[in-house]
Amino acid sequence: MAASKDTAVRSTAQIEADIAQARDRLATTLDELAMRVHPATVAAQTRARVLASVEQKAGQVYVAASGAVERAKSRFVDEKGQPMPERIVPVALVGVGAVLLLAAARKRRKG
């Protein structure tokens, strides 16, 4: 019953003011929704997600590569960090031999 008294007491101006406020809130909400679904906004959000994913993957690759380099390096240096020629020389010779074989194979194909 008290609610009906409050409603009866409200003036036309108060009701119109309430309607105007509701209309403004609705317009703001519609503007926000339009901005969220705008193609430029969707594209920017998608781009940001893709970039974040790429950066995360790049970080993981960097960590993995750093670990692999450290593991490889540890096979060719001693605990003091000094090179171990008895391990380096055979690997270098194999590498040089592989390059020479590839060069010879290319030369045969061209000639």
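Above this text you will find the structure in question.
Residues numbered from 1 in each chain as written. Predicted model: local features only at pLDDT ≥ 70, side-chain atom pairs only at ≥ 80, totals over all residues. Heavy atoms only, no water.

Novice: Even after reading the chapter, I still don't get the overall build of the protein, so can you show me in this structure?
Specialist: The helix and strand inventory of the protein stands at four helices and zero strands. Moving toward the C terminus, one meets the helices and strands of the protein in the order α-α-α-α. The C-alpha atoms of the protein give a radius of gyration of 36 Å, which is well past the 13 Å a tight globule of 111 residues would have. Its C-alpha atoms put the protein at 100 × 50 × 20 Å along the principal axes. In the protein, which comprises 111 residues, the proportion classed as buried is 2%. Only carbon and sulfur atoms are counted for the fraction: they give 65% of the accessible area of the protein, which is about 9900 Å². (Helix = DSSP H or I, 4+ residues; strand = E, 2+ residues; numbered from the N terminus. Rg over C-alpha atoms; globule rule 2.2 N^0.38 Å. Buried < 20%, exposed > 50% of the residue type's maximum accessible area, 1.4 Å probe, protein only. Areas by Shrake-Rupley, 256 points an atom, 1.4 Å probe, with all protein chains shown as cover.)

Novice: What am I meant to see in a nonpolar patch on the surface here?
Specialist: On the surface, a nonpolar cluster with roughly 290 Å² of combined accessible area is contributed by L26, L30 and L33. Inspection of the secondary structure puts L30 in helix α2 (residues 12-37). (Patch = residues over 30% accessible without salt bridge, like charges linked within 9 Å, V, L, I, M, F, W, Y side chains within 5 Å. Salt bridge = Lys/Arg side-chain N within 4 Å of Asp/Glu carboxyl O.)

Novice: What's the story with helix α4 (residues 85-110) in this structure? I'm lost.
Specialist: Counting along an α-helix, one turn takes 3.6 residues, and residues three or four places apart therefore face a common direction. With 26 residues, α4 extends 37 Å between its outermost C-alpha atoms, agreeing within 8% with the 38 Å of an ideal straight helix rising 1.5 Å per residue. Here α4 lies mainly on the outside; zero of its 26 residues are buried. (Expected span 1.5 Å × (residues − 1).)

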